[in-house]
Amino acid sequence: MTAPEEIPSHRALVREAGRVRLALRPTQRPAPGELLVTTPVAGLCGTDIQMLRGLRDDPAPVIGHEGIARVVAAGTGVPGPPPGTPVVINPTHRDDPSFLLGHNVDGLLQELTRIPATAVGAGLVVPLEQVPDAVLGTLVEPLAGVRYALGLLATARPRTLVVYGDGNIGQLAVRAARGLLGADVRVLLVHHTPEGLEWSARHPVPGTELLGGGKPHALPQIAEGPVAALLATPRDGTLAALDAALRLGGGDLTVNLFGGLPPGASSPLLPGVDLTAVRAANRAGHPVPASFTEATTTEGRRVRLTGHRGVANGHLLEAAAELCRRPALYRDLVTHVVEPAEAARIMNDLAAGRRRTVDGNRLLKLAVRFAPAPAPPRERW
């Protein structure tokens, strides 16, 4: 009697009925034009947490778009990169909205991920020459977004940078700021939680001034000269941060709407300005030069507004190189490194409440360690 053919499978963190569970999923052969990759360590980002909490309706059962992957196998018609190549997946397709990794197609929080032909054909599987270690690799994509945002603000030559938000993006921004805006820029980090302020005090970034902590705080005294504000806030905190930024002192003001926004979002200080459209005007590194919107507040202040969705491949390569150059500057931001079963528990705890404290420690970046998964034997497909 012939034994039944074994179907290859891999572990995945799967969203089902409002919960996350560690499950085995069938491993499918990459179709023509597709790539199969494995991600030894994958990250969970703030947007992923919003999906877990039901604040976004993205349909992918497997989320996650952060981490350094390695190519396992290719479908027909894919000339490269060859198996074993370290890559990052650019999660945002500039022209095809059907591809948004970990949002509307399955993401990296699993041992093996198929990358659709539309993404492979657009060059969104990006080989790395400078490769950070796997845990730091979970910061490549968010640091790429921060570098893009700071690059947009750099066009204003600011003397002061005010960062709103005490999560991973805000912390990345204050670490990267002087490298992109100049060593003399004044950097202020505005916190929205006491836990965030306490964490920042224990992990100081030289020269960064700490404000806020969930209590009303006086606006900082800002000297004359151009001012930049980076809104690194959750979707439900961006409008409040924008209103605070529009009342900052100093000279010319440029605001980057990095944080998420609900559709059609607007501010009473900027009547008639569709902030969601402003944020989406720059997508995956285009256009060049970047888009800015000039407006006047109801209090008579001129302001330049910008933002972006997605990054260019070059931003990913620059971020990987930066993490290789200065790993110690960023390493403390990966606060939790766990196995997949523990990750499922943490993700369910995050879904159930608003706090970001996990096992007594503030969570900035959760990294999930999957053992490298070999290519399933072809004869078993």
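In case you missed it, the structure is sitting above this.
Notes on the structure in this doc start here. (Residues numbered from 1 in each chain as written. Predicted model: local features only at pLDDT ≥ 70, side-chain atom pairs only at ≥ 80, totals over all residues. Heavy atoms only, no water.)

Take the overall build of the protein next. Secondary structure summary: the protein contains ten helices and 19 strands in total. For 381 residues, the compact-globule estimate of 2.2 N^0.38 gives 21 Å, and the protein sits close to it at 21 Å. Across its three principal directions, the C-alpha atoms of the protein cover 85 × 45 × 40 Å. In the protein, of all internal contacts separated by at least 6 residues, the share reaching a separation of at least 24 is 74%. About 16000 Å² of surface is accessible on the protein, with carbon and sulfur atoms providing 54% of the total. Of the charged side chains in the protein, 39 are positive and 35 negative, and the gap between their average positions amounts to 2 Å. (Helix = DSSP H or I, 4+ residues; strand = E, 2+ residues; numbered from the N terminus. Rg over C-alpha atoms; globule rule 2.2 N^0.38 Å. Contact = heavy atoms within 4.5 Å. Areas by Shrake-Rupley, 256 points an atom, 1.4 Å probe, with all protein chains shown as cover. Lys, Arg positive; Asp, Glu negative; His and termini not counted. Charge placed at Lys NZ, Arg CZ, Asp CG, Glu CD.)

Further remarks concern unusual backbone geometry. Residue P287 is bonded to the preceding H286 through a cis peptide linkage, with omega at 0°. Here P287 shows up in the loop between α7 (275-280) and β14 (293-296). The peptide bond linking V288 to P289 adopts the cis configuration, its omega dihedral lying at -5°. Tracing the sequence through the fold places P289 in the loop between α7 and β14. One non-glycine residue, A284, lies in positive phi territory at about 55°.

What follows deals with the nonpolar core. Judged by nonpolar contacts, the single largest core of 45 residues is most densely connected at V140, V146, L150, L161, V163, L230 and Y330. Residue assignment for this core shows that the elements contributing at least two residues are α3 (140-154), β9 (160-164), α4 (168-181), β10 (186-191), β12 (227-231) and α8 (313-325). The element that contributes the greatest number of residues to this core is α3, accounting for nine residues. Contact partners of L161, with chain neighbours within four places excluded, come to L150, L153, A177, L181, V185, R186, V187, L188, A228 and L230. Of all hydrophobic cores here, the second largest spans 40 residues; its members include I49, V71, A119 and V368. (Core = buried A, V, L, I, M, F, W, Y, C linked by side-chain atoms within 4.5 Å. Buried < 20%, exposed > 50% of the residue type's maximum accessible area, 1.4 Å probe, protein only.)

Those residues of helix α5 (residues 194-202) that fall on the buried side of the exposure criterion are G196, W199 and S200. Down the axis of α5, the buried side of the element spans an arc of 100°, and every buried residue falls inside it. The outward face of α5, more than 90 degrees from its buried face, is lined by the exposed residues P194 and A201. (Arc of directions from axis to C-beta.)

Moving on, we get to the packing of aromatic side chains. If you walk through the whole model with that rule in mind, you get zero aromatic pairs. Over the ring of F292 we find R304, and its NZ or CZ is 4.0 Å from the ring centre. (Phe/Tyr/Trp six-rings, centres within 6.5 Å; stacked < 30°, edge-to-face > 60°. Lys NZ or Arg CZ within 6 Å of the ring centre and 35° of its normal.)

α8 packs onto α3 with a crossing angle of 110° between their chain directions and a minimal axis gap of 8 Å. Comparing their axes, α8 and α3 come out roughly perpendicular. Where α3 crosses over α8, the handedness of that crossing is right-handed. Facing α3, whose interface residues are V140, E141, L143, A144, R147 and Y148, α8 presents H315, L316, E318, A319, A320, E322 and L323. Tallied by class, the residues present in the contact of α3 with α8 amount to eight nonpolar, one polar and four charged. (Axes fitted to C-alpha atoms, helices over the stretch in contact; angles between N-to-C directions. Parallel < 35°, antiparallel > 145°, perpendicular 65-115°, else oblique. Left-handed = near helix turned anticlockwise from the far one by under 90°. Nonpolar A, V, L, I, M, F, W, Y, C, P; charged D, E, K, R; others polar.)

Bringing the pairing of strand β3 (residues 35-38) into the picture now. Where burial is concerned, the two faces of β3 agree: the one with L35 and V37 and the one with L36 and T38 are both buried. Of the strand pairs in this sheet, β3 and strand β5 (residues 69-74) are connected by four bridges, and their pairing is antiparallel. Each bridged residue has a counterpart across the sheet, and for T38 the counterpart in β5 is R70. Pairing between β3 and strand β7 (residues 112-115): four bridges, direction antiparallel. Paired with L35 across the strands is I115, a residue of β7. (Pairing = 2+ DSSP bridges.)

Structurally, G121 can be placed in helix α2 (residues 117-121). Between the alpha carbons of G121 and S291 there is a distance of 26 Å; along the sequence they are 170 residues apart.

Pairing of strand β1 (residues 9-16) with strand β2 (residues 19-26) involves eight bridges; the strand directions are antiparallel. When the sheet's bridge partners are listed, R11 is paired in β2 with L24. The turn linking β1 back onto β2 is made up of two residues, and A17 within it adopts a positive phi angle of 50°.

Ordered by their spatial adjacency, seven strands build an open sheet running β11-β10-β9-β12-β13-β15-β14, and the pairing between neighbours is mixed. Only two strands of the sheet have a single partner each, and these edge strands are β11 (208-212) and β14. Direction aside, the axes of adjacent strands within the sheet are offset by 25° on average. With five bridges connecting them, β10 and β11 associate as parallel partners. By the bridge assignment for β11, L188 is matched with E209. Most of the contacts of α5 go to β11, to which it runs at about 160°, and overall it touches β10 and β11.

What follows deals with the sheet that holds strand β19 (residues 366-369). The sheet built from three strands is open, its strands ordered β4-β19-β16 with mixed pairing. Each of the sheet's edge strands pairs with one partner strand only, and the pair in question is β4 (41-44) and β16 (336-338). Within this sheet the neighbouring strands show an average axis-to-axis angle of 25°, counted without direction. Relative to β19, β4 runs antiparallel, the two being bridged by four bridges. Considered in β19, the bridge of G43 is made with A367. Here helix α10 (residues 340-352) sits on the sheet and contacts β4, β16 and β19; the angle it forms with β19, its principal contact strand, is near 150°.

Honestly, it's all geometry; don't read function into it.
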